[in-house]
Amino acid sequence: VQAYDPVKGRYSAILLDNTEDEIIYLPPTSIKQINILDATSFAISYAWQAQSLDKLYIILIVLLAISWRKQDIIIHRMSEIVTVMVLLLGVSFIGRFLLSEYNLVKEKAESMVGTRNPISTVEMIEYRVEHYFSTSQWAKVALLLTFTFILISMGAVALAFCGDDSISGAVWLAWTFVADPGTHADAPEGFLVRFVSFSITLGGMLIFALMIGIISDYIGNKIDELKKGKSRVIESDHSVMLGWTDKSIAIIQQISLANESEGGGTIVVLADAPKEDLEEHLALAMSQERGSALELMGTNVVFRSGNPLEESELQRVSVLTARSVIVLSPESLSPDEADANQVRQVMALKALDGVNGNECPPVVVEVQDVDNSELFTLVAPDFAEVIVAHDLIGRFMLECARYPGLACVLESMMGFEGSEFYFEEWPELKGKSFLDITCRFDDAVPIGIKSNSGEVSINPKNDHIIQEGDKILVLAEDNDTYEVNDGSYETNKKIESPPAAEDAKQVEKIMFLGWRRDMADLITQLDGYVAKGSELWLFNTVPVEERNELLKDQGHKSELKLDNLLVYNVVGNPLIRRDLSRIVSVDHDGETVSLDEVDSILILADSVSIENGATVMSCDSRSLSTLLIIQDIQKRLYDEKKEALGSSTSIKPVSPITEILDSRTRSLLDVVSCGSAYVMSNQIISSVIAQVSEDRDINAVLRELLTAEGSETYIRSVSKFVDLKKEDKMSFWDIALKARQHREVAIGYKPAGLGFREASLLIINPPDKSLDRQWAPGDEIITFALD
């Protein structure tokens, strides 16, 4: 309050302390002679005597409100008051922080007194700065703001002392010097004013350099976080892949093919690998030569880096809103350790089931050992579909080795290229028998029925009646490319088929080149296919004594009990010609066999080489070398017998079936004239996983088609269904109806003049099924049959 005493003829300033109702008078000096320096000195001395910071704030607020130019208290000038209050609050905050840090440092220093390693002030300051910078992401920003505030405050006070500006004007002028270095050139004349202006400008340049560095670091860190894939995925109805292996690219390709009819989709990959590396793998696959390059066909692939075993990471990729989840087995672990990892992965997914009212989507799990598949039933029954990769490939190769050309047929069904399996309910077929629906789809082939109870039946009886809720299992190009026709094609017309001949199983000689860790399971499956007395020759580098231990899985399995097979052990290297030229059994009294005498040859991707660090490409190189040596030896043996016996022998040696791991090796097989005699194991597993992820019932279908129980895939001669001497012109549907008389499902055919790969459009779900064609000797029909 400013008061004028007419008696004393002077002004007085009265300060009211609201806390203690204390009245403070200024010294008996004319108010108009008091400047800011005197007022500040008085306020500080009074507050020091009173030992109260609060009184200092009250005094400064009043005293510093005195105008520098008019020497008057300017309560009406709110800008001055606001400026002073902001300065005081800032000083108060910084002062309190420094005081607390000083007390902490003092306390720690006192606690270290008398120790052998006393701390210095510099060390303590460094320690506290490091603490704030490591625990707070805003430490740099706070430091920058503090330096800026101190520079503006000190610069404003200096300008106010040296110039004629008010506090608010000095603060604004100091800010302009900090923000724009060029403004200090317009500073008022006078050495002190210009020196202060230059100092503020220099400090501002340093502060803005620091600010640019902080902003740059922040943006860079944010970009790095985005590159590392740490943000949450906002998607629904997408496919989630957990893990990254050699099969990942092929799975992405198959899912992209499945999404093509829907205009594309989204695949989210969560793997414990850097996001940049995963994106580089994808880009490399897309940049290959046309024909082998990855084509996404409108599908978007999103990568996230993280541990798939953690529930928080699973929620980050929106597992609960996904269409399906694919869990790939880690290749860096042993089979048992990898399967244990998969069990935990399924448990982590099961834990999310029902969170926020959302059910977990269908889960497809890749397992390495068939003996561990029961673990998933114990942990989460009916929760995940288990794909045992080695077991599936083993069964696949057994069928392909015994029936040349079957590899092309099965490979065409296991993927979204060409025709694949689909389930669909057709109410208009209710009450029809399975025989009646044989010709009801122009662009599909019905092969089975899924009952409303969930049971899948492939190749049912002709009189099986379709009930309400039953779904028809068909082979079709896509789920929207077929529909029921009007049923005008006659299925009840008299169709005669040659009497079924008893196909007695013939004794076979089969040779396995290489070793697989699931060899015992492979041999057991083969024993169910072949006739009694058939021979299996095992040719590899594993010693016989060690083989017996491996076949028993180090004592975890019992001795092999075979009903039909006789096992002959041969120790040799498939890459050495002399070992392949003379094959001698180490048991059975040293019995020998030549490569032109065996009925089937399988060149396996040697697990011994893989365990020793061989890559998929080097394994394929070994397989190709072995294939070339075998073909050369077979040709030499054939030529020798032909020369010795003349033209009376016309039986050429069988072509070996080669297991290929890398899809890039496919183009090399044409060079060695092995265009159809190979099995791309990783490609097949990827196709199966992709198909099961779209419809989990496909797993039951493939399980039946690749085992000795139930229906299997066969390549029949057309003469089994048609007497070409009596009739040779009919439609494919007529052939299909004749096949039903033998309880077989005809799914396609191969003309005699074409190879299986050239006839890829005909071997499964051929077009123009109702049109007659000329059938000739050598034509083959592909069927599903019980035997």
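Conventions used here
Residues numbered from 1 in each chain as written. Predicted model: local features only at pLDDT ≥ 70, side-chain atom pairs only at ≥ 80, totals over all residues. Heavy atoms only, no water. Core = buried A, V, L, I, M, F, W, Y, C linked by side-chain atoms within 4.5 Å. Buried < 20%, exposed > 50% of the residue type's maximum accessible area, 1.4 Å probe, protein only. Helix = DSSP H or I, 4+ residues; strand = E, 2+ residues; numbered from the N terminus. Contact = heavy atoms within 4.5 Å. Patch = residues over 30% accessible without salt bridge, like charges linked within 9 Å, V, L, I, M, F, W, Y side chains within 5 Å. Areas by Shrake-Rupley, 256 points an atom, 1.4 Å probe, with all protein chains shown as cover. Salt bridge = Lys/Arg side-chain N within 4 Å of Asp/Glu carboxyl O. Pairing = 2+ DSSP bridges. Axes fitted to C-alpha atoms, helices over the stretch in contact; angles between N-to-C directions.

Engineer: Quick one: what's the story with the nonpolar core, residue by residue and with numbers?
Structural biologist: Generally speaking, soluble globular proteins have nonpolar side chains that are buried together. In this structure, F421, F512 and I747 are the most contacted members of the largest nonpolar core, which totals 97 residues. When residues of this core are assigned to their parent elements, the largest contribution, eight residues, is made by helix α13 (residues 389-402). Every residue in contact with F512, bar those within four places of it in the chain, is listed here: L398, M519, L522, L526, L536, W537, L538, F539, L602 and L604. Membership of the second largest hydrophobic core comes to 28 residues, among which are V240, L352, C360 and A380.

Engineer: Which residues make up a nonpolar patch on the surface, and what values go with them?
Structural biologist: Taken together, the side chains of I125, V129, F133, L143, F147, I150, M154 and L210 make up a nonpolar region of the molecular surface, amounting to roughly 680 Å² of accessible area. Of all the secondary-structure elements, those providing two or more residues to the nonpolar patch are α4 (121-135) and α5 (139-162). The dominant element in the nonpolar patch, judged by the number of residues it contributes, is α5, at four residues. Looking at the element boundaries, F147 is found in helix α5.

Engineer: Outline the pairing of strand β24 (residues 744-750), listing residues and values.
Structural biologist: Most of β24 sits inside the fold, with seven of its seven residues counted as buried. Pairing of β24 with strand β26 (residues 780-785) involves six bridges; the strand directions are antiparallel. Along β26, the bridge assignment pairs G748 with I782.

Engineer: How would you summarise the sheet that holds β26 if you had to cite specific residues and measurements?
Structural biologist: Taken in spatial order, the three strands of this open sheet run β22-β26-β24, and their pairing is antiparallel. In this open sheet, the two edge strands, each paired with only one partner strand, are β22 (712-717) and β24. On average, adjacent strands in this sheet sit at an angle of 30 degrees to one another, irrespective of strand direction.

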